[in-house]
Amino acid sequence: MTENTQQQPAANPELPTQYAPAEVEGKLYERWVERGYFEADENSDKPPYTIVIPPPNVTGSLHLGHAFEHTLIDALTRRKRMQGYETLWQPGMDHAGIATQNVVERELAKEGKSRHDLGREAFVERVWQWKAESGGQISGQMKRLGDGVDWSRERFTMDEGLSQAVKTLFKKLYDDELIYRAERIINWCPRCLTAISDIEVEYQDDDGELVSIRYGSGDTEIVVATTRAETMLGDTAVAVHPDDERYKHLVGTEIELPLTGRRIPVVADEHVDPEFGTGAVKVTPAHDPNDFEIGQRHNLTNLAIMDERAVITAHGPFQGLDRLEARSAIVAALRAEGRIVAEKRPYVHSVGHCSRCKTTIEPRLSMQWWVKVGPLAKAAGDAVRDGRVKIHPQEMEKRYFDWVDNLHDWCISRQLWWGHRIPVWYGPNGEIVCVGPDEQPPTGEGWHQDTDVLDTWFSSGLWPFSTLGWPEQTDSLAKFYPNSVLVTGYDILFFWVARMMMFGLYAMDGTPPFHTIALHGMVRDQFGKKMSKSFGNAVNPLDWMDTYGSDAVRFTLARGANPGVDVPIGEDWVQASRNFANKIWNATRFALMNGATVEGPLPDPSQMTATDRWILSRLNKTVAEVDAFYDDYQFSKLSDSLYHFAWDEVFDWFVELSKTTFFAGGEQAKVSGRVLGEVLDVTLRLLHPVVPFVTETLWTTLTGKESVVIADWPVDSGFRDEAAEREIELVQQVVTEVRRFRSDQGLQPGQKVPARLDLTGTELAPHEAAIRQLLRLQPEGEGFSATASLPVAGATVALDLSGTIDVAAERKRLAKDLAAAEKEKAQANGKLGNEAFLAKAPDNVVDKIRTRLAKADEDIARIQAQLDRLPQA
């Protein structure tokens, strides 16, 4: 184990009888921040360890997903800090363009105003005012959780430095012809009046209608099906597969488009699936992404028939109708003309909705700014393929490659006012000038800046290096870039992670933004169902922190965290973690009251009991095991390892086995007290990254030192004592088996029973006193009668149960249980021996019967053994 060199302050007061998280957590966190424990020094000689926080939205509050992710990151950074790394956990928030603008617009609506009443400049100022007054409440909640971030470095994606970084990168991409402006299909929200990214589209199954419509007539008749009948007003072709014999005679001809008075061509395109439906599809290039691609290949007209609010603009009787009103009216008009061939209603299909306002998304042709992702995405894929970046767990690599290898150009412009305004100016004669951060924009009559802002993911894609001062070549950038690891959910692997990879490699001369991408799953309820307010199963982690303490919430989340796998969580599990924290507290109090100490070196193993040597051997194995799990991001396994070592081996076995030594006093008690102090010291340090508050209180009380936050991380000393481990294992076998027997006989845990222990020829003799104490076994007195004898681990434990149980009644009860088990066995054998039954019964039914048979055999053996141990009545 490592020696810690912290100065020792005045002695700590005794521990209270009960742990009260609410009384200590806030004070401890304030102390950590005041003492600068979390602040990173770019001029340090220590090796760097860097993690950026996935920036939460400025509008957001801490939800369980945040708490989960932050717990994992905090555990990693706290451990690395204790290991001697210059550790930076970079905090900050995202300006969350569309979400923040919506919040402020709703406030204005309460005043009877819109953003247009204020004008752009005044509205943006109003948003900054809202941020100052109401935004960023999540920062205080992060402190409640115990996040060890460097608050002195907190950033915001709209702050001056990051705004400079955004302008610099935009200019660089533009000059390298990797940014361009073009008219294409985008996701459009008619409520928010902006293009939105794929990640901001939520798909759900909606009840709609599938209508089959007859285009043309007679020999030129073609039937097409659609769920969006209103878009037929913008059809500019019908497409069929070039090998489809049914329509070859029509390819190159024109057919009538109902209700419009227009004729449209029939084109042959391999995109069409001849086996699906009628094998013919309507083509609306201005309102469908696939149709747009067909239109590009065949030089079709892009005919937009809706405005930005999804109101029909096409001339005719439907002009001015909302798209849904138009849908019903158009179907009715087609029905009146005899054009409807079939109608399926309801027709359940997947429909995209705006994640902010839940409005149905409208694919819309629009002039937007785009990033040409081809070369950027290739670099992002190559960095993983050549091993510069590891994805953990490795099986997630395929999903990453499927995305980056098939990435479409990225629409980066948004029709909002809140965000990074696109640094492009337009002149009176069609000039287009991209202005860098240190350049003066053109002036004069007719010049104006683009009104759009950049997609939020653009600025957050720069997060790993912009937060360190880029484009300036700062000491922080030199020290802490690239990041050591990115910890994030697999759900944003494609959106945020891929963009950081592309921009980091591009801006930082081929150096990826992080060495490892550690992906975790989503937090779900205890039944594995997605948490949602609409499902009624959403949980506010702050409520659990108030009730059970932050450590309990953290430990529960870490214990469920298997790499890349969703995490079920329920309140019962948080209660169990609270009980674990209480167990640590109570066991440490007992240890401190019974001589546990960290003063002086550990005694030589020759001075120790086998119990002492056993726990030190197990301690070092646990240190090695926990280190291996940390390095493999196996948070669930490391938490389980610590839980079982602390609760089972230290508190339930070592402390209990050592009580006789402590109560006897003398030199041996002092040796065991020093061992117990060492075990607690190391165990608390191992637990600290996951449960920081309770371990801080206990460790400083135990050691008298300043803080476990800056203590040394334990190191496996290499000490092993397999012989002591085997010896204590025998003790555990005896205690476990006799406890089981006592329980089977209905004896109360505290009920004392006279017993004779024959430990001849075993290694158990030195442990007789401990065994008797653990099992509540009295010495055999006058008149001792061995009414039950248990051979176990080479020893024999004879018990005198006379006077403690009614042997006749117990035999009667066990005989009844045995008869029931034998009847169950006979029934199961009867069915399994019936060939006719086996031929007809499903496999799962047969498996259940085999399981019942095995259980019956186990019950018969167990009950018979209990009967054999009872004295004759």
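Quick note: structure is the one above.
Every residue gets a number counted from 1 within its own chain, in the order that chain's sequence is written. Note on the predicted model: pLDDT of at least 70 is required for a residue's local features to be given, and 80 or more for side-chain atom pairs to be given and counted; whole-chain, interface and lining totals, by contrast, use all residues. The side-chain quantities take in all heavy atoms of the structure and omit both hydrogens and water.

(A) Representation of the overall build of the chain. The way it works is that DSSP assigns letters per residue, a run of H or I at least four long becomes a helix, a run of E at least two long becomes a strand, and they are numbered from the N terminus. The secondary structure content of the chain amounts to 27 helices and 29 strands. If you line up the chain on its principal axes, its C-alpha atoms span 115 × 80 × 55 Å. Per-residue burial for the chain yields a buried fraction of 54% across its 873 residues. Considering only intrachain contacts with a sequence separation of at least 6, the fraction spanning at least 24 residues in the chain is 78%. Counting every atom, the chain has about 38400 Å² of accessible surface; 48% of that belongs to carbon and sulfur. We score Asp and Glu as negative and Lys and Arg as positive, and we do not count His or the chain ends. The atom standing in for a charge is NZ when the residue is Lys, CZ when it is Arg, CG when it is Asp and CD when it is Glu. Charge centroids of the chain, computed over 95 positive and 129 negative side chains, lie 4 Å from each other. To sort residues, take the accessible area from a 1.4 Å probe on protein chains only and compare it with the maximum for the residue type: under 20% means buried, over 50% means exposed, and anything in between is partly exposed. Contacts are assigned to residue pairs that have any heavy atoms within 4.5 Å of one another. Reported accessibility uses the Shrake-Rupley method at a 1.4 Å probe radius. Residues are deemed covered only where the shown protein chains occlude them.

(B) Region of the structure containing the packing of aromatic side chains. Pairing of aromatic rings covers Phe, Tyr and the six-membered ring of Trp, with a centre-to-centre limit of 6.5 Å; geometry is then stacked below 30 degrees between planes, edge-to-face above 60, and tilted otherwise. Summed over all chains, the structure comprises 25 aromatic pairs. On the basis of an interplanar angle of 35° and a centroid distance of 6.1 Å, the ring pair of Trp410 and Phe458 is categorised as tilted. One end of the pair, Trp410, is in strand β16 (residues 410-411); the other, Phe458, is in helix α12 (residues 456-460), and 48 residues separate them in sequence. Assigned by exposure class, Trp410 and Phe458 land together as buried. Judged by centre distance (5.0 Å) and plane angle (35°), the rings of Phe555 and Phe580 are tilted.

(C) The arrangement of the packing of helix α10 (residues 374-385) against helix α15 (residues 493-507) in detail. Here an angle of 0 to 180 degrees is reported between the N-to-C directions of two axes, which are lines fitted to C-alpha atoms, with helices fitted over the stretch in contact. α15 packs onto α10 with a crossing angle of 95° between their chain directions and a minimal axis gap of 8 Å. Between α10 and α15, the interaxial angle falls into the category roughly perpendicular. Here Leu376, Ala377, Ala379, Ala380, Ala383 and Val384 of α10 come into contact with α15, specifically with Met501, Met502, Leu505 and Tyr506. When residues are grouped by polarity, Ala, Val, Leu, Ile, Met, Phe, Trp, Tyr, Cys and Pro land in nonpolar, Asp, Glu, Lys and Arg in charged, and all others, Gly among them, in polar. The residue inventory of the contact of α10 with α15, partitioned by class, reads 10 nonpolar, no polar and no charged. Working definition: roughly parallel below 35 degrees, roughly antiparallel above 145 degrees, roughly perpendicular at 65 to 115 degrees, and oblique for all remaining angles.

(D) Structural context of the sheet that holds strand β28 (residues 788-792). Should DSSP find at least two bridges between two strands, the strands are taken to pair. Taken in spatial order, the 4 strands make up an open sheet running β27-β26-β29-β28, and their pairing is mixed. Either end of the sheet is taken by a strand with one partner, and the two such strands are β27 (777-779) and β28. Mean inter-strand twist for the sheet, computed between neighbouring axes without regard to direction, equals 40°. Two elements, β28 and strand β29 (residues 795-799), share 5 bridges in a ladder whose sense is antiparallel. Note that in β29 the partner of Leu790 across the bridge is Val797.

(E) Geometry of the environment of Phe784. Looking at the element boundaries, Phe784 is found in the loop between β27 and β28. For the pair Phe784 and Arg559, spaced 225 residues apart in sequence, the C-alpha separation works out to 49 Å. Excluding anything up to four places from it in sequence, Phe784 contacts Pro754, Ala755, Arg756, Ala798, Leu799 and Asp800.

(F) Structural view of the packing of helix α20 (residues 635-664) against helix α21 (residues 667-687). The N-to-C vectors of α20 and α21 enclose an angle of 165°; their axes lie 11 Å apart at closest approach. Relative to α21, the element α20 is oriented roughly antiparallel. The crossing of α20 and α21 is left-handed. Contact residues: Leu642, Phe645, Ala646, Val650, Phe651, Phe654, Val655, Thr661 and Phe662 in α20; Gln668, Ala669, Ser672, Gly673, Val675, Leu676, Val679, Leu680, Thr683, Leu686 and Leu687 in α21. When grouped by side-chain class, the residues that make up the contact of α20 with α21 number 15 nonpolar, 5 polar and no charged. By convention, the crossing between two helices is left-handed when the near helix turns anticlockwise from the far helix through less than a right angle, and right-handed when the turn is clockwise.

(G) Layout of the pattern of salt bridges. By convention in these notes, a salt bridge is any Lys or Arg side-chain nitrogen within 4 Å of a carboxyl oxygen on Asp or Glu. Per the stated rule, a full pass over the model turns up 51 salt bridges. Of the charged contacts, one joins Glu202 and Lys358 as a salt bridge, the two residues approaching to 3.1 Å between their closest N and O atoms. Remark: Lys358 occurs in the loop between β13 (340-354) and β14 (362-371) and Glu202 occurs in strand β7 (residues 201-215); sequence separation between them is 156 residues. For Lys358, a relative accessible area of 48% puts it in the partly exposed group. Among the salt bridges present, the one from Asp857 reaches Lys825, with a minimum N-O distance of 3.1 Å. Remark: Lys825 occurs in helix α25 (residues 807-832) and Asp857 occurs in helix α27 (residues 843-869); sequence separation between them is 32 residues. Residue Asp857 is classed as partly exposed on the basis of its relative accessible area of 34%. Within this structure, Glu209, Arg335, Glu343 and Arg345 form a network of salt bridges that share partners.

(H) How the structure looks around the nonpolar core. By nonpolar core is meant a set of buried Ala, Val, Leu, Ile, Met, Phe, Trp, Tyr and Cys residues that side-chain atoms within 4.5 Å join together. Of all hydrophobic cores here, the largest spans 202 residues; its most connected members are Phe170, Phe458 and Met501. In terms of residue count, α20 provides more of this core than any other element does, 14 residues in total. Excluding anything up to four places from it in sequence, Phe458 contacts Val166, Leu169, Phe170, Leu173, Ile179, Val371, Trp410, Ile412 and Phe503. Val238, Ile264, Val266 and Phe318 belong to the second-largest nonpolar core, a separate cluster that totals 28 residues.

(I) Region of interest: helix α9 (residues 323-336). The span one expects for a helix is its residue count, reduced by one, times 1.5 Å. For α9, spanning 14 residues, the distance from its first C-alpha to its last is 20 Å, which sits close to the expected 20 Å at 1.5 Å a residue. Buried within α9 we find Arg323, Ala326, Arg327, Ile330, Val331 and Leu334. Each buried residue of α9 sits inside an arc of 130° when the element is viewed along its axis, so together they form one side. For α9, the elements touching its buried residues are β7, β13 and β14. Directions drawn from the helix axis to the C-beta atoms are what define this arc.

(J) Spotlight on the pairing of strand β10 (residues 254-257). Pairing of β10 with strand β11 (residues 262-268), which is carried by 4 bridges, proceeds in the antiparallel orientation. In the strand pairing of β11, Glu254 is matched with Pro265. As consecutive antiparallel partners, β10 and β11 are separated by 4 residues, and within that stretch Leu259 has a phi angle of approximately 70°, a positive value.

(K) Inspection of the sheet that holds strand β22 (residues 483-489) at higher detail. The sheet built from 3 strands is open, its strands ordered β15-β23-β22 with parallel pairing. The sheet is open, and its two borders are formed by β15 (390-392) and β22, each paired with just one other strand. Shown here is a sheet whose adjacent strand axes are inclined to one another by a mean of 20°, direction ignored. In terms of strand pairing, β15 meets strand β23 (residues 514-520) through 3 bridges, oriented parallel. Paired with Lys390 across the bridge in β23 is Thr516.

Honestly, it's all geometry; don't read function into it.
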